[in-house]
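Residue strings, one per chain:
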Amino acid sequence: MDPRAAIVDERLKGVARVVLVCSGKGGVGKSLVASLSSLLAAREGLRVGLLDIDFHGPSCHTILGASGVKPVEERGLTPPVVAGVKLMSLNFFAEGQPLPLRGEEVTDALLELLAVTIWGNLDVLFIDSPPGTGEEVLDTLRLTKRAEALVVTTPSRLSLATVSRLVKLLRELRTPVLGLVENFGYGSDAVRRSAEEWGVRYLGWLPYYPELEEVIGQPDKLVRTPVALHLREALRAAQLI
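Residues numbered from 1 in each chain as written. Predicted model: local features only at pLDDT ≥ 70, side-chain atom pairs only at ≥ 80, totals over all residues. Heavy atoms only, no water.

### A few points about the pattern of salt bridges
Then step 1. In this structure the tally under the stated criterion is twelve salt bridges.
Then step 2. Across the pair Arg4 and Asp108 runs a salt bridge, and its minimum N-O distance is 2.6 Å. A residue pair is termed long-range when its members are at least 10 positions apart, and Arg4 in helix α1 (residues 4–11) and Asp108 in helix α5 (residues 104–116) qualify at 104 residues.
Then step 3. Relative accessible area serves as the criterion here: at 17%, Arg4 is assigned to the buried category.
Then step 4. In this structure, the salt-bridge partner of Asp128 is Lys30, at a minimum N-O distance of 2.8 Å. Residue Asp128 is found in strand β7 (residues 124–128), and its partner Lys30 is found in helix α2 (residues 30–43); the two are separated by 98 residues along the sequence. Each member of the pair, Asp128 together with Lys30, is buried. (Salt bridge = Lys/Arg side-chain N within 4 Å of Asp/Glu carboxyl O. Helix = DSSP H or I, 4+ residues; strand = E, 2+ residues; numbered from the N terminus. Buried < 20%, exposed > 50% of the residue type's maximum accessible area, 1.4 Å probe, protein only.)

### Comments concerning the packing of α1 against α5
The axes of two packed helices give the description: the angle between them and the distance between them.
Then step 1. Across the interface, α1 lies against α5 with an axial gap of 7 Å and an inter-helix angle of 40 degrees. On the basis of their axis angle, the class for α1 and α5 is oblique. When the axes of α1 and α5 are compared, the crossing they make is left-handed. The residues of α5 that touch α1, namely those facing Arg4, Ala5, Ile7, Val8 and Arg11, are Asp108, Leu111, Glu112, Leu114, Ala115 and Val116.
Then step 2. Its residues placed into classes, the contact of α1 with α5 shows seven nonpolar, no polar and four charged. (Axes fitted to C-alpha atoms, helices over the stretch in contact; angles between N-to-C directions. Parallel < 35°, antiparallel > 145°, perpendicular 65-115°, else oblique. Left-handed = near helix turned anticlockwise from the far one by under 90°. Contact = heavy atoms within 4.5 Å. Nonpolar A, V, L, I, M, F, W, Y, C, P; charged D, E, K, R; others polar.)

Next comes the structure, spelled out in structure tokens:
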């Protein structure tokens, strides 16, 4: 057994809740939901962390506007605080360069990141996972043990089909599913019916907001968008804030 796994337990000892934000496919706004959830929780007075494990396409640092910051190294790595959120991402080390990780390299990178990051005491740690059910998702659930899942989808049939497989996997792994968030939506009957069929709580929908791109990287403006207002209600329904 890799000795770093035991260190991960120690690193997460002061974290009350671990929430894996996941999706069946890419392009559904999962990273935005993870980042914005962190901002909203921090503004509710919670101690919040955000870990970006989408190694091939990290974007949480861009959404939060994390420029000119780095983790502090002292017996591990202490994440920088960005807009009230402790943020850790492999992008701090890759600095925009591609990360051609495969197979065991992905597991090793994730294990190292979890083992070296000093979170301290947190009320909630949000983890932005890559889409699907690859190594990052499976290894995170194995290593964190008590993670809960917040699932993001769009109303499209393709997205719902992939989420169906994801939910089945989460059930098989006995990972608690907090609920389903519909992005780019309108309260679709198809999404509601799917959630009911899967035995998953429908938490709410986030509207398409054309001006969202203009406030990416500006947390104070981001939390005042219609998307944030709807997400706040979804997080309350999930009892995360």
